[in-house]
Amino acid sequence: MKTLALLSQKGGSGKSTLTVHLGVIAQAAGLRTVILDLDPQRSTAGWWETRSAETPEMVETVPGDLRSVLESARADGVALCVVDTRPSAGADAAAAAALADLVLIPTRPAIFDLKAIGATVDIVVAAKVPAFIVLNGTPAARGIGEASTTADARRVLSDYGVPVAPVSIGLRAALAHALVDGRAVNEFDPTSKAAVEMTKLWKLTEKTLWPNAQRSVRSRRPSR
Ligand SMILES: Nc1ncnc2c1ncn2[C@@H]1O[C@H](COP(=O)(O)OP(=O)(O)O)[C@@H](O)[C@H]1O
Ligand SMILES: [Mg+2]
């Protein structure tokens, strides 16, 4: 079992949005997935309550119980836990980082947001956990390539000691809609740009968590 944690000190950076999308995409890819909501604001738990599908599964818990909840999930045969956290760079964020196999740090590309991620970066560096910063809510590009705001953000973040994910998530109304709809955009508009970007982010996540996945898939095939 692998554990993916979404961390960032700032509210509104996209932790819950990325949590529900990556959770839904992972489940659709055939992994038994559990979303853990550690945030008392209950964004992801509220999303799940409006959802008609029963998967991915959802567990609301508190940071102090995270370790035991993850152990139960592992014992139960869960393949992936996606942990959504409250905006914090305190002890509970550090605890989640310590238990994770990969941390994603979403940030808006605005300069105040970029400045605020230093404390979260310090936590993942101290925990020695693989991590990516994910630019979220990036403006549409005019012409080829990324908008200048996104390129500037990449430059600012390039010496933070945590890599910036090559894929960024654009500012897209469909993603805001998803949180109130109980579905991921990949479920109601799978060919949209938002869905394509989320799928790319999932591919990066999957490749990082299971670098040898192809080999293990092959070895699981029944031998003839
Ligand atoms: N890429 C995006 N495009 C449009 N709206 C977004 C995007 N990412 C997040 N949002 C919206 O911004 C708000 C905050 O996002 P959320 O995921 O709840 O952040 P956090 O969990 O970090 O506080 C939500 O209303 C969400 O729907
Ligand atoms: Mg949230």
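Each remark here, short or long, concerns the structure printed above.
Asks: Looking at this structure, how should I read the site of ligand 1?
Replies: Around ligand 1, the surrounding shell holds 17 residues, and the nearest of these are K15, S16, T17, L175 and A176. Going through the elements one at a time, α1 (15–28), β6 (131–138) and α8 (173–181) are the ones with two or more residues in the shell around ligand 1. Looking at the shell around ligand 1, its residues break down into six nonpolar, nine polar and two charged.

Asks: Please explain α1 as it appears in this structure.
Replies: Structurally, the α-helix is built with 3.6 residues per turn, so residues lying three or four positions apart point the same way. With 14 residues, α1 extends 20 Å between its outermost C-alpha atoms, agreeing within 8% with the 20 Å of an ideal straight helix rising 1.5 Å per residue. The element α1 is largely enclosed, with a buried count of 13 among its 14 residues. Among the residues trailing α1, G30 stands out with phi positive, at a value near 100°.

Asks: Would you take a moment to explain the sheet that holds strand β4 (residues 80–84) for this structure?
Replies: In sheet architecture, strand pairing relies on hydrogen bonds along the backbone and comes in two forms, parallel and antiparallel. If you walk across this open sheet you meet the seven strands as β3-β2-β4-β1-β5-β6-β7, and the pairing is parallel. Two strands lie at the open edges of the sheet, namely β3 (57–60) and β7 (169–170), each paired on one side alone. Bridge count between β6 and β7: two bridges; the pairing is parallel. Bridge pairing in β7 places T138 opposite G170.

Asks: Would you explain the nonpolar core in this entry?
Replies: Generally speaking, a soluble globular protein has its nonpolar side chains buried in company with each other. Core analysis: the largest hydrophobic core is formed by 57 residues, its most contacted members being V83, A97, V103 and V134. With six residues, the top contributor of residues to this core is α1. Setting aside its immediate chain neighbours within four residues, V83 contacts T3, L4, A5, L6, L36, L38, A96 and A100.

Asks: For this particular structure, what's the right way to read the environment of A97?
Replies: Among the structural elements, A97 can be located in helix α4 (residues 91–99). Judged by the 23 C-beta atoms lying within 10 Å of it, A97 is buried. For the pair A97 and R67, spaced 30 residues apart in the sequence, the C-alpha separation amounts to 11 Å. Filtering out sequence-adjacent residues up to four positions away, A97 remains in contact with A5, L7, V103, I123, V124, A127 and V129.

Cut-offs used in this document
- Residues numbered from 1 in each chain as written.
- Chains lettered and ligands numbered in written order.
- Predicted model: local features only at pLDDT ≥ 70, side-chain atom pairs only at ≥ 80, totals over all residues.
- Near = placed C-beta within 6 Å.
- Helix = DSSP H or I, 4+ residues; strand = E, 2+ residues; numbered from the N terminus.
- Nonpolar A, V, L, I, M, F, W, Y, C, P; charged D, E, K, R; others polar.
- Expected span 1.5 Å × (residues − 1).
- Buried ≥ 20, exposed ≤ 12 C-beta atoms within 10 Å, placed from the backbone.
- Pairing = 2+ DSSP bridges.
- Core = buried A, V, L, I, M, F, W, Y, C linked by C-beta atoms within 7 Å.
- Contact = placed C-beta atoms within 7 Å.

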